[in-house]
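# Coordinate analysis (summary)
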Amino acid sequence: MSESVTREGVPADVGRYVDEALRDRYFAACDAVYALGAPAVAETDVETRAGTTHVYRYGPTEGPAAARTPVVLVHGSGSCSAMWYPNTPAFAAERPVYAVDTPGDPGRSVQREAVHQPERAAAWLEETLDGLGLDRVHLVGSSYGGWLALNQAHRAPGRLASVTLLDPGGLEKVGLRFFAWIFAGYFATFAPRALRPRLAAWLEQPVLVVPELRAMIRAGVRAHRIRRPAPLPLTEDELRTLRTPLYLVLGERSLLVHPRRQAERVPRLVPGARAEIVRATGHGPQIDHAEQVNRRILDFLDSVG
């Protein structure tokens, strides 16, 4: 457990909601975003040492497709599994899909211990997959979820059939330009409606032009307090140890990483890794170009099995 606690006796490095009313308002906004994607066929809670992990299940439950290796989706920081709405219909049409709410982020998971340390993060995800009864999975992570997936491939790869990293953390130290972009995007949600499309194009923030996304992000910022540092990147020696089939998808104008640098570096360090830069997008290629990215991810998964 953390050495420091709040007045309420909660570890200081554990994310929390401000109050129940704001939490419920956020959940309602999330549900509006979930409605844009595939309908979940089930929801379940998995108990781990870090807390209760909420998981959404999509896709076939019987027939040949249901027997295929499932996809597990891990969202970015400050979000929840609703962010996968542009991707769940395509993925669920071909395979079972599980979307995990990461403890510490605004979602329906309930955190008890910090999981930002690499060893704890890997243990939490391993316990979650075990609780779901999944022996082999295709892990797909976006942003902070990309770091979680990369960390899993390094520390606990036994269950991983493949790893897909969508403009991920874990490759470079997070710079000020990324945090400036995050803050600019949030404040732009308050702009007049007529200005939002122009700001969305300039900032490459799809949240500004999808009303449901905009409402969810704003509600989440008000309702929830994230308490974790930015993850440290893996070293080159650590990247060289990876043997899980890896697909790296980067936004051409990403502010989290330097796309050209990482598109050259990762395949050079990780045997067999693929890397691709998606044009005309920033940090959200799977949202901005969902149809294209969905198809390429599914083709990669098919190549692995």
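To be clear, the structure that these remarks concern was listed above.
Cut-offs and rules
- Residues numbered from 1 in each chain as written.
- Predicted model: local features only at pLDDT ≥ 70, side-chain atom pairs only at ≥ 80, totals over all residues.
- Heavy atoms only, no water.
- Helix = DSSP H or I, 4+ residues; strand = E, 2+ residues; numbered from the N terminus.
- Buried < 20%, exposed > 50% of the residue type's maximum accessible area, 1.4 Å probe, protein only.
- Contact = heavy atoms within 4.5 Å.
- Areas by Shrake-Rupley, 256 points an atom, 1.4 Å probe, with all protein chains shown as cover.
- Pairing = 2+ DSSP bridges.
- 1 Å grid on protein atoms, 1.4 Å probe; cavity = no way out; pocket = protein on both sides within 12 Å on 5 of 7 lines; lining within 4 Å.
- Points joined across faces, edges and corners; volume = space filled by probe spheres on them.
- Nonpolar A, V, L, I, M, F, W, Y, C, P; charged D, E, K, R; others polar.
- Salt bridge = Lys/Arg side-chain N within 4 Å of Asp/Glu carboxyl O.
- Core = buried A, V, L, I, M, F, W, Y, C linked by side-chain atoms within 4.5 Å.
- Axes fitted to C-alpha atoms, helices over the stretch in contact; angles between N-to-C directions.
- Parallel < 35°, antiparallel > 145°, perpendicular 65-115°, else oblique.
- Left-handed = near helix turned anticlockwise from the far one by under 90°.
- Arc of directions from axis to C-beta.

Per the secondary structure count, the chain includes 11 helices and 11 strands. Each of the 305 residues in the chain was classed as buried or not, and the buried ones make up 54%. Residue pairs in contact within the chain that sit at least 24 positions apart in sequence constitute 75% of those at least 6 positions apart. Taken as a whole, the chain presents about 13400 Å² of accessible surface, with 55% of it coming from carbon and sulfur.

Successive side chains on a regular strand alternate, one facing one side of the sheet and the next facing the other. Taken across its six residues, strand S10 (residues 246–251) has six buried, putting it largely inside the fold. Here S10 shows two buried faces, one formed by Leu246, Leu248 and Leu250 and the other by Tyr247, Val249 and Gly251. Alignment of strand S8 (residues 160–166) against S10, held across four bridges, turns out to be parallel. Paired with Thr164 across the strands is Tyr247, a residue of S10.

Of the voids in this model, the second largest pocket is the one considered here, and its volume is about 330 Å³. Residue lining of the second largest pocket: 20 residues in total, with Gly15, Arg16, Tyr17, Val110 and Gln111 positioned closest to the centre. Mapped by element, the contributors of at least two residues to the lining of the second largest pocket are strand S1 (16–17), helix H1 (20–34) and strand S6 (110–111). If one sorts the elements of the lining of the second largest pocket by residue count, H1 sits on top with three residues. Looking at the lining of the second largest pocket residue by residue, the class counts come to seven nonpolar, six polar and seven charged.

All told, the structure shown has 21 salt bridges when counted by the stated rule. Across the pair Arg295 and Glu94 runs a salt bridge whose closest N-O atoms are separated by 3.0 Å. Of the two residues, Arg295 is situated in helix H11 (residues 290–304) and Glu94 in the loop between helix H2 (88–92) and strand S5 (97–100); the sequence distance between them amounts to 201 residues. A salt bridge links Glu264 to Arg268; the shortest N-O distance between them is 2.6 Å. With Glu264 and Arg268 both in helix H9 (residues 259–269) and four residues apart, this pair spans about one turn of that helix.

So, about empty space enclosed by the protein. Counting across every chain of the model gives one cavity of 30 Å³ or more. By volume, the largest cavity amounts to about 60 Å³. When the residues that make up the lining of the largest cavity are grouped by side-chain class, the tally is five nonpolar, four polar and three charged.

A few words now on unusual backbone geometry. Positive phi is not limited to glycine here, since Asp167 has a value of about 40°. Secondary-structure assignment places Asp167 in the loop between S8 and helix H5 (176–188). For Asp167, a relative accessible area of 0% corresponds to the buried category. Positive phi outside glycine occurs at Ala280, with the angle close to 55°. Relative to the assigned elements, Ala280 resides in the loop between strand S11 (274–278) and helix H10 (285–288).

Turning next to the nonpolar core. Residues Val72, Leu139, Leu150, Leu239 and Leu246 are the most contacted members of the largest nonpolar core, which totals 40 residues. Put simply, the parts of the chain that give this core at least two residues each are strand S4 (71–74), S5, helix H3 (118–131), strand S7 (137–142), helix H4 (144–155), S8, S10 and H9. A total of six residues in this core trace back to one element, the largest contributor, which is H4. Setting aside residues no more than four positions away along its own chain, Leu246 makes contact with Leu150, Val163, Leu165, Val266, Ala273, Arg274 and Phe300. In this structure, Tyr26, Met83, Val97 and Leu301 belong to the second largest nonpolar core, which totals 37 residues.

Turning our attention to the packing of H1 against helix H7 (residues 211–223). Working note: a packed helix pair is described by the angle between its axes plus the distance between those axes. Packing of H1 against H7 leaves a shortest axis separation of 8 Å and a crossing angle of 160°. With respect to their mutual orientation, H1 and H7 come out roughly antiparallel. H1 and H7 meet at a crossing whose hand is left-handed. Contacts between H1 and H7 involve Leu22, Arg23, Arg25, Tyr26, Ala29, Cys30, Ala32 and Val33 on the former and, on the latter, Glu212, Leu213, Ala215, Met216, Ala219, Gly220, Arg222 and Ala223. Partitioned by chemical class, the residues of the contact of H1 with H7 number 11 nonpolar, one polar and four charged.

Moving on, we get to H9. Looking only at H9, the buried set comprises Pro259, Gln262, Arg265, Val266 and Leu269. The arc that holds the buried residues of H9, viewed along the axis, is 130°, so those residues lie on one side. Residues of H9 that are buried sit in contact with helix H8 (236–240), S10 and S11.

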